[in-house]
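Close look at the chain arrangement
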Amino acid sequence: MSHVVVGYDGTSESERAVRWAVGEARLRRLPLTVCHVWRWPYPISYIDYEGEATIRRMGEHLLDHGVGLARELAPGLKVRGRLKDGSAAPALLNEAADAEVIVLGSHGPDQIPVGSTALRVPAKADRPVLVVRSPAPRDGLVVVGVDGSPGADAALAFAFEEAALRGWRLRAVYGCWEPGAAPDGDLTLFGDEDRLRRVAGAVLERAVAPWRVKYSQVEAATSLVLKSPRQALFAASEDATLMVVGARGAGEVESLHLGATSDALLKHAPCTVAVAPNRTW
């Protein structure tokens, strides 16, 4: 059965994630799974059954608090707790194998260390991951990155769905001033700004058009920006409640499986960021 999964570790950041996840589950009419992952901090060769039991009990208490918070926020919502052991990212991904959405907390901009759960889960997940940095207000703006690729189409699908569920506005942003973002790889476009605007603008409108039809209730605007995708999306993130990007990239470094722009936004954007994998919707 599909559900929403949220990681909880007792921090204020994870409490904020629980609040967002409760809203996500209610809007999607799905049960919520609050997951806490505990880990024995010593080598396996160091055996201390009493100490391990104590750490596990601490994990159980934290999980109970997270489940209690979710139930307090939404008394009618079906909430269950899951206690896992081991490394946080693999444990959460395993728990979310049949989830609709994964929700994680995050520290402020520039405070996510390389290798953290907030980077590793979006890099490996095959479903959307929301890394919550700010609360979800009643009125909000979803910004989604577009470049005409399959990854961007997956991002558009999730962004329009979120905007429709929450009654938020949406802005699709295409930062086209970069060789890798040139439509059909045509670098001659950079010698003629008017032509670049026409061609890239047509790509943007074609990408957004089917989602406008499917989600006609969403107030959607498009923005073509003659800057790199990263610059365009960072500028747009200042106004956004939620930034949605596609997962793209094939680097050997784990975080780069996200693509450089997605990775940078997760680390530095001031708003909540969602990474949507390229999958069939």
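Residues numbered from 1 in each chain as written. Predicted model: local features only at pLDDT ≥ 70, side-chain atom pairs only at ≥ 80, totals over all residues. Heavy atoms only, no water.

This is how it is decided: UniProt positions are given in the numbering used here, feature names are shortened, and annotations may be inferred rather than shown by experiment.
You'll find the protein entered in an unreviewed UniProt entry as Nucleotide-binding universal stress protein, UspA family, with Actinomadura meyerae given as the organism. In its Sequence similarities (unreviewed entry) section, UniProt records this for the protein: "Belongs to the universal stress protein A family."

1. Comments concerning the nonpolar core
To be explicit about the condition: Buried residues of nine kinds, namely Ala, Val, Leu, Ile, Met, Phe, Trp, Tyr and Cys, make up a nonpolar core once their side-chain atoms join them within 4.5 Å. Three labels apply to residues, based on accessible area from a 1.4 Å probe with only protein chains included: buried if under 20% of the type maximum, exposed if over 50%, partly exposed otherwise in between. For every domain, the bounds stem from an assignment made automatically or drawn from a database. The contact rule is simple, with two residues in contact once any of their heavy atoms fall within 4.5 Å.
If you look at the biggest cluster of nonpolar residues, it comprises 53 residues, and the most contacted ones within it are L32, V34, V103, L156, L170 and V244. When residues of this core are assigned to domains, at least three map to each of domain 1 (1-135) and domain 2 (137-280). Setting aside residues no more than four positions away along its own chain, L32 makes contact with V4, V6, A21, V22, A25, A70, L77, K78, V79 and R80.

2. Observations concerning the sheet that holds strand 5 (residues 129-132)
Through backbone hydrogen bonds, the strands of a sheet pair up, either in parallel or in antiparallel fashion. Where we set the bar: Should DSSP find at least two bridges between two strands, the strands are regarded as paired. Under the DSSP-based scheme used, a helix requires at least four consecutive residues in state H or I and a strand at least two consecutive residues in state E, with every element numbered from the N terminus. To get an axis, a line is fitted to the C-alpha atoms, and for a helix only the part in contact is used. The angle between two axes follows their N-to-C directions and goes from 0 to 180 degrees.
One open sheet accounts for 10 strands, arranged 3-2-1-4-5-10-9-6-7-8; its pairing is mixed. Each end of this open sheet is capped by a strand with a single partner; those strands are strand 3 (79-85) and strand 8 (220-225). Neighbour to neighbour, the strand axes of the sheet diverge by 20 degrees on average, direction disregarded. In terms of strand pairing, strand 1 (residues 4-7) meets strand 4 (residues 101-105) through three bridges, oriented parallel. Its bridge partner lying in strand 4, V5 is registered against I102.

3. Some words on the pattern of salt bridges
The criterion, for reference: What makes a salt bridge here is a side-chain nitrogen of Lys or Arg within 4 Å of a carboxyl oxygen of Asp or Glu, nothing more.
Enumeration over the complete set of coordinates arrives at 12 salt bridges. A salt bridge links E95 to K84, with the nearest nitrogen and oxygen atoms 3.6 Å apart. One end of the pair, E95, is in helix 3 (residues 88-95); the other, K84, is in strand 3, and 11 residues separate them in sequence. For E95, a relative accessible area of 7% puts it in the buried group. Of the residues examined, K84 reaches a relative accessible area of 15% and is grouped as buried. Its salt-bridge partner being R166, residue E162 comes within 3.1 Å of it at the nearest N-O pair. One end of the pair, E162, and the other, R166, are both in helix 5 (residues 150-166), four residues apart, so they sit about a helical turn from each other. Taking relative accessible area as the criterion, E162 reaches 0% and is therefore assigned buried. Put simply, E24, R28, E100, E161, E162 and R166 are held in one network by salt bridges that share partners.

4. Points about the environment of D263
The condition that has to hold: What qualifies as a polar contact is a pair of N or O atoms within 3.5 Å, subject to a donor-acceptor requirement within protein and to the restriction that residues adjacent in sequence count only when both atoms come from side chains.
Structurally, D263 is set in helix 8 (residues 260-268). D263 sits in the buried class, given a relative accessible area of 6%. Note: C-alpha distance between D263 and L119 (144 residues apart in sequence) is 7.4 Å. Within the local environment of D263, its side chain forms a polar contact with the side chain of K267, the two groups lying 3.0 Å apart.

5. Looking at the packing of helix 7 (residues 229-237) against helix 8
To be explicit about the condition: Our angle categories are set so that under 35 degrees counts as roughly parallel, over 145 as roughly antiparallel, 65 to 115 as roughly perpendicular, and the remainder as oblique. The handedness criterion is simple: a crossing whose near helix is rotated anticlockwise from the far helix by less than a right angle is left-handed, and one whose near helix is rotated clockwise is right-handed.
Two numbers describe how helix 7 lies on helix 8: the axes approach to 10 Å, and their chain directions differ by 30 degrees. Looking at the two axes, helix 7 sits roughly parallel to helix 8. In terms of crossing hand, the pair formed by helix 7 and helix 8 is right-handed. For the pair formed by helix 7 and helix 8, the contact residues are P229, R230, L233 and F234 on the first element and A260, T261, A264, L265 and H268 on the second.

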